[in-house]
Amino acid sequence: MTRTLITDTVSRVGETVLVKGWVNTRRDHGQIVFIDLRDRTGLLQIVTRPELAEGLHAEDVIYVVGTVAKRPEKLINPKLPTGTVEVQAEKVELISKSAELPFDMGSPTLNLELPTLLDHRSLTLRHPKVQTIFQVQASLVENFRQAAKGIGCIEIFPPTISTSATEGGADVLPVDYFGHSAFLVQSPQLYKQMLVGVFERVFIITHVYRAEPSVTTRHLVESIQMDCEIGFIDSFSELLDAMETVFSQTIENTQNQFEVQPSLVTNKIPRLTMREAQKIIQDRTGVDHTKEPDLMPEDEREICAWAKETHQSDLVTITHFPTRKRAFYSLPDPDNPEYSLSYDLLYKGLEISSGAQRIHDLDQLKQTIIDRGMDPAGFAMYLQAFEYGMPPHGGFSFGLERSTMKLLDLGNIREASLFPRDTERVDFRLS
Ligand code: AMO
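Keep in mind that this is a model prediction, so the values were computed, not measured. (Residues numbered from 1 in each chain as written. Predicted model: local features only at pLDDT ≥ 70, side-chain atom pairs only at ≥ 80, totals over all residues. Heavy atoms only, no water.)

## Some thoughts on the overall build of the protein
- The number of helices and strands found in the protein is 10 helices and 21 strands.
- Principal-axis analysis of the C-alpha atoms places the extent of the protein at approximately 80 × 55 × 40 Å.
- Counting all 431 residues of the protein, 51% fall into the buried class.
- For the protein, the computed accessible surface area is about 20,400 Å², with 52% contributed by carbon and sulfur atoms.
- Positive and negative side-chain charges of the protein, numbering 44 and 60 respectively, have mean locations separated by a distance of 5 Å. (Helix = DSSP H or I, 4+ residues; strand = E, 2+ residues; numbered from the N terminus. Buried < 20%, exposed > 50% of the residue type's maximum accessible area, 1.4 Å probe, protein only. Areas by Shrake-Rupley, 256 points an atom, 1.4 Å probe, with all protein chains shown as cover. Lys, Arg positive; Asp, Glu negative; His and termini not counted. Charge placed at Lys NZ, Arg CZ, Asp CG, Glu CD.)

So, in structure tokens, the structure goes:
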């Protein structure tokens, strides 16, 4: 008999079917046992006798042959897509026995402390609520891919081992590369720019690595970035349009596919320079951060609150960060070089994307590398692209875990990473 997927049982009333999956929960009512069976499509109620269900408990893998029956009106479960039917089991076969669970996985909310959630990740990922996080994440990636293609980008797969640090700072993860020193990339930045010299417009979905020393709810050591880089731009605002369009489409198309609280995505995302944002924050809170070289986490939250109140928008774009605070490849504003043609997109109180127009003149780029105390020789392959003609270009990068976290209003970025890596954890706690 061929397998019937759980969601397909609703159209098979009266038929005998074979369903396969995991025991999600078991409830005993005297001579009747109810099993919620879980497969990749959802949950289904199995009704059986104690002798057929002997010893079965959560996470056992079973195959069930039985008849699909309509549930009586008062027993319909409106919360389940299969809530109008149940399968009356005739045969239950145990295929793989599960160990006793360390905690109850039957509650719809799975209220576990984060360390417990992560220490038992292979198991907790199976919970329907946790699965949804990664279904949403897969959809974000797919919709980003479509949106990036929509602005003419081709997907590229650059390496993640490099000899040059792209984002500056000390937070690179070293690799012993056959006796030579190398790094895991902090960003696909240099490669996406080199590939503008080939394809004009590219996009990338890739792992990046940062030895972030601080333990926060929004930083991972290994994370996934979704980047675009586009050439032959005519203006700075063209880059902002591209970033906002790609992200709005990604979020809107994803939230349309799931039952999530929809984000406020407007056609006109408010745009402020960093200094304008700091002034608004000062006016609202009385706290003066107007001399600070960057927005602080509380500033990001405050300016997002402003955007929501005054523009009904969960997104706000901040531009013109101080040149010295941004990575070397960012183009200083020709009208005021103290500030750069850079930008961040904030979403529900958190930076989820950043980018810039880039320096595309070889001499200026080399000089900037030297001025920042780095050696152009370390960027030889990158600089080669600029020796052979590079158009004006720029781009941006979204953090996938941060986007997932904010779309779903999760409290910690680790919940949006399958097996999060931070300073204290690689699968399990390091110490
Ligand atoms: P940036 O360093 O701002 O820019 O990174 C881009 C986006 O990636 C996400 N992100 C992180 N997510 C989780 N943990 C981390 N440690 C982490 N670091 C970054 C954030 C952030 O907005 N090359 C530039 C982009 C560009 O200019 O195109 C860059 O990497 O969501």
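More follows now that the structure is in view.
## A short note on the nonpolar core
- By size, the foremost hydrophobic cluster in this structure holds 54 residues, and its most contacted members are F144, Y382 and F398.
- When residues of this core are assigned to their parent elements, the largest contribution, 8 residues, is made by helix α5 (residues 236-257). (Core = buried A, V, L, I, M, F, W, Y, C linked by side-chain atoms within 4.5 Å.)

## Structural notes on the sheet that holds strand β19 (residues 421-422)
- Taken in spatial order, the 3 strands of this open sheet run β19-β20-β21, and their pairing is antiparallel. Of all strands in the sheet, those bounded by a partner on one side alone are β19 and β21 (428-429). (Pairing = 2+ DSSP bridges.)

## A word on the packing of helix α3 (residues 128-150) against helix α10 (residues 400-407)
- Put simply, α3 and α10 touch, their axes get as near as 10 Å, and they point 120° apart. Classified by the interaxial angle, the pair formed by α3 and α10 is oblique. In this structure, α3 meets α10 at a crossing whose hand is right-handed. From α3, I133, V136, Q137, L140 and V141 reach across to α10, where they touch L400, E401, S403, T404 and L407.
- Tallied by class, residues from the contact of α3 with α10 come to 6 nonpolar, 3 polar and 1 charged. (Axes fitted to C-alpha atoms, helices over the stretch in contact; angles between N-to-C directions. Parallel < 35°, antiparallel > 145°, perpendicular 65-115°, else oblique. Left-handed = near helix turned anticlockwise from the far one by under 90°. Contact = heavy atoms within 4.5 Å. Nonpolar A, V, L, I, M, F, W, Y, C, P; charged D, E, K, R; others polar.)

## Focus on the side chain of E300
- Position of E300 among the secondary structure elements: in helix α7 (residues 297-311).
- Buried charge without a salt bridge: E300, with R218 as the nearest opposite-charge side chain at an N-O distance of 5.3 Å.
- Once you skip the residues sitting within four places of it in the chain, E300 turns out to touch L295, L346, G349, L350 and E351. (Salt bridge = Lys/Arg side-chain N within 4 Å of Asp/Glu carboxyl O.)

## Side note on the pattern of salt bridges
- According to the stated counting rule, one finds 26 salt bridges in the structure shown.
- The salt bridge partner of D28 is R26, with a shortest N-O separation of 2.7 Å.
- Linking E222 and R421 is a salt bridge whose minimum nitrogen-to-oxygen distance equals 3.7 Å. Note that E222 is positioned in strand β11 (residues 222-231) and R421 in strand β19, a separation of 199 residues in sequence.
- Bridged by salt links that share partners, the residues K192, D227, E229 and R358 form one connected network.

## Concerning the environment of I413
- For I413, the position within the fold is in the loop between α10 and β19.
- Among the residues examined, I413 registers a relative accessible area of 3% and is labelled buried.
- For the pair I413 and L400, spaced 13 residues apart in the sequence, the C-alpha separation amounts to 9.9 Å.
- In contact with I413, not counting residues within four places along its chain, are T217, R218, H219, L220, E401, R402 and M405.

## Examining the domain arrangement of the protein
- In terms of domains, the protein is made up of domain 1 (6-96) and domain 2 (121-429).
- For domain 1 and domain 2, the distance between their C-alpha centroids amounts to 45 Å.
- Facing the 4 residues of domain 1 at the interface are 4 residues of domain 2.
- Taken over both partners, the interface formed by domain 1 and domain 2 buries close to 340 Å², and the fraction arising from carbon and sulfur atoms is 49%.
- Interface area lost by domain 1 to domain 2 is led by W22, R38 and E59, which between them contribute 72%.
- Applying the counting rule to domain 1 against domain 2 returns 1 salt bridge.
- A salt bridge links R126 to E59, with the shortest nitrogen-to-oxygen separation between them at 2.9 Å.
- Our count for the contact surface shared by domain 1 and domain 2 stands at 1 residue pair in polar contact (both at pLDDT 80 or more).
- Across the side of domain 1 that touches domain 2, the residue classes tally to 1 nonpolar, 1 polar and 2 charged. (Domains from an automatic or database assignment. Buried area = accessible area lost by both parts, 1.4 Å probe. Polar contact = N/O pair within 3.5 Å; in protein donor to acceptor, adjacent residues only side chain to side chain.)

## Topic: the packing of aromatic side chains
- Overall, the coordinates contain 12 aromatic pairs when judged by the stated rule.
- Note on F144 and F398: the rings are 6.1 Å apart at their centroids and 80° apart in plane angle, and the pair reads as edge-to-face. Note that F144 is positioned in helix α3 and F398 in strand β18 (residues 393-399), a separation of 254 residues in sequence. The same class applies to F144 as to F398, namely buried.
- Look at Y382 and F386: their rings are 5.0 Å apart centre to centre, the planes differ by 65°, and that puts the pair in the edge-to-face class. Separated by 4 residues within a single helix, Y382 and F386 lie in helix α9 (residues 380-387), roughly one turn from each other. For the pair shown, Y382 and F386 are each scored as buried.
- Grouped by ring-pair contacts, the aromatic residues F144, F203, F247, Y347, F396 and F398 constitute a single cluster.
- In this arrangement the basic side chain of R326 is found over the ring face of F321, its NZ or CZ atom lying 4.6 Å from the centre. (Phe/Tyr/Trp six-rings, centres within 6.5 Å; stacked < 30°, edge-to-face > 60°. Lys NZ or Arg CZ within 6 Å of the ring centre and 35° of its normal.)

## Some points on the site of the ligand
- Close contacts around the ligand come from 24 residues, with Q189, K192, R210, E351 and S354 the closest.
- The contact in question runs from a nitrogen atom of the ligand to an N or O atom on the side chain of Y329, over 3.0 Å.
- The side chain of S354 places a nitrogen or oxygen atom 2.6 Å from an oxygen atom of the ligand.
- When the ligand sits alone it has 620 Å² of accessible area, and the protein chains cover 94% of it.
- Broken down by secondary-structure element, the contributors of at least two residues to the shell around the ligand are α4 (189-199), β11, β17 (350-357) and β18.
- Considering each element in turn, the shell around the ligand owes the most residues, 5 residues, to β17.
- Looking at the shell around the ligand residue by residue, the classes come out as 5 nonpolar, 11 polar and 8 charged. (Near = heavy atom within 4 Å.)

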